[in-house]
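# Observations on the model geometry
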Amino acid sequence: MISEAIILAGGLGTRLRSEIGDIPKPMAPISGKPFLEILIHALESEGIQHIILSLGYRAQAIIDYFQNKKFSPSLSFVVEDKILGTGGAIKLATQKMSTDYALVMNGDSFLDMDVDAASLFFDKYKAPVIFGYDVDNTHRYGRIEYEGSLITKITEKGKTGLGTISAGVYILPKRMLDRFPPDNAFSIEYDVFSTLSREDNFRLFHSQQYFIDIGTPESYKLAQVELKNHFPHLFKT
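Residues numbered from 1 in each chain as written. Predicted model: local features only at pLDDT ≥ 70, side-chain atom pairs only at ≥ 80, totals over all residues. Heavy atoms only, no water.

Under the counting rule described, the total for this entry stands at eight salt bridges. Taken together, the salt bridges that share partners define one network made up of Lys33, Glu37 and Lys69. (Salt bridge = Lys/Arg side-chain N within 4 Å of Asp/Glu carboxyl O.)

Right, let's talk about the pairing of strand S6 (residues 101-106) for a bit. Within a regular beta strand, the side chains point alternately toward one face of the sheet and then the other, so they alternate between its two faces. Across the six residues that make up S6, a large majority, five, are buried. Bridging between strand S1 (residues 4-9) and S6 involves four bridges; their strand directions are parallel. The residue bridging Ile7 from the neighbouring strand is Met105, located in S6. Bridge analysis of S6 against strand S11 (residues 163-173) gives five bridges, and the strand direction is antiparallel. Its bridge partner being in S11, Leu103 is matched across the sheet by Ile171. (Buried < 20%, exposed > 50% of the residue type's maximum accessible area, 1.4 Å probe, protein only. Helix = DSSP H or I, 4+ residues; strand = E, 2+ residues; numbered from the N terminus. Pairing = 2+ DSSP bridges.)

What follows concerns helix H2 (residues 35-45). Judged by how many residues are buried, H2 sits mostly within the fold: nine of eleven residues are covered. Within the sequence span of H2, burial applies to Phe35, Leu36, Glu37, Ile38, Leu39, Ile40, His41, Ala42 and Leu43. Gly47 sits one or two positions beyond H2 and adopts a positive phi of about 85°.

Looking now at the packing of aromatic side chains. Applying the stated criterion to the full structure yields 14 aromatic pairs. For the ring pair Phe180 and Phe186, a centre distance of 3.8 Å and an interplane angle of 5° mean the geometry is stacked. Per residue, the accessibility class of Phe180 equals that of Phe186, and both read buried. (Phe/Tyr/Trp six-rings, centres within 6.5 Å; stacked < 30°, edge-to-face > 60°.)

Note on placement: Glu44 falls in helix H2. For Glu44, the residues in contact, after removing those within four places along its chain, are Phe71, Ser72 and Pro73. Here the side chain of Glu44 touches Ser72 through a polar contact of 2.7 Å, landing on its backbone nitrogen. (Contact = heavy atoms within 4.5 Å. Polar contact = N/O pair within 3.5 Å; in protein donor to acceptor, adjacent residues only side chain to side chain.)

In this section: the nonpolar core. Judged by nonpolar contacts, the single largest core of 54 residues is most densely connected at Leu36, Leu103, Phe110, Phe131 and Leu227. Of the residues forming this core, the biggest block, seven residues, is contributed by H2. Discounting chain neighbours no more than four positions away, the residues touching Leu103 are Ile2, Glu4, Ala5, Ile6, Leu43, Met113, Val115, Phe131, Val169, Tyr170 and Ile171. Judged by nonpolar contacts, the second largest core, of 28 residues, contains Val78, Leu84, Ile130 and Leu177. (Core = buried A, V, L, I, M, F, W, Y, C linked by side-chain atoms within 4.5 Å.)

Judged from the five bridges that link them, strand S9 (residues 143-147) and strand S10 (residues 150-155) form a sheet pairing that is antiparallel. Looking at the pairing, Glu147 lines up with Leu150 of S10. Hairpin connection, S9 to S10: the antiparallel pair is bridged by two residues, and Gly148 has positive phi, about 65°. Judged from the two bridges that link them, S9 and S11 form a sheet pairing that is antiparallel. Paired with Ile144 across the two strands is Thr164, which belongs to S11.

Turning our attention to helix H7 (residues 217-230). With 14 residues, H7 should reach 20 Å at 1.5 Å per residue; the first-to-last C-alpha distance of 20 Å fits that figure. Of all the bends in H7, the greatest, near 35°, is centred on Ala223. Where H7 is concerned, the buried positions are Pro217, Ser219, Tyr220, Ala223 and Leu227. The elements touched by buried residues of H7 are helix H1 (17-20), strand S2 (29-30), H2, strand S7 (109-111) and strand S13 (211-213). (Expected span 1.5 Å × (residues − 1). Bend = angle between axes of the 7 residues up to and from the residue.)

Spelled out as structure tokens, the structure:
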């Protein structure tokens, strides 16, 4: 079963400056609690034992906040010396992994997920997994094309209409990024996912639970209302 998770928490949050100023985007307050802390509590409730925070912008402020917090998962921190992109940030975090694969998630979106079910799905196919979510309009996201559970293609942002998007959550084997040199900047979305084909054997784990990202002022304001209403247990101290 999956026991480790990586959270990509190095974002600048440029689009949220009007709402949160210079606070790191993953630390944006939701009903008085940093969004990143909500994600940690969610992983804690799913039985994750070790969480690696991959940090960049204002990393020390995040470390100072969390290093004395008490969670049942242990926390580790890695910090970019330069901007590495989402792929480089994941590869940096793998240095702290003690298992061969991990749950990877963006630090600016929330997906209500069943980690045990996802673990069984991963065990069945022994292949990288992307969590998919159906939306009315895929314009803001990359669209996933698939046959059964096999992902055949991921298109870039901009295509409109109904479709399945990446929810920003993955199960990735540590060795998958071996071809990328250490400390090199690259994007997991554009340099890995957008070039994959059916031969790469990536699998789609469909989730129909609650999903929201806080990347825009509009979605951030919506999260203020919805997250605490739907998941009050994640806001307890």
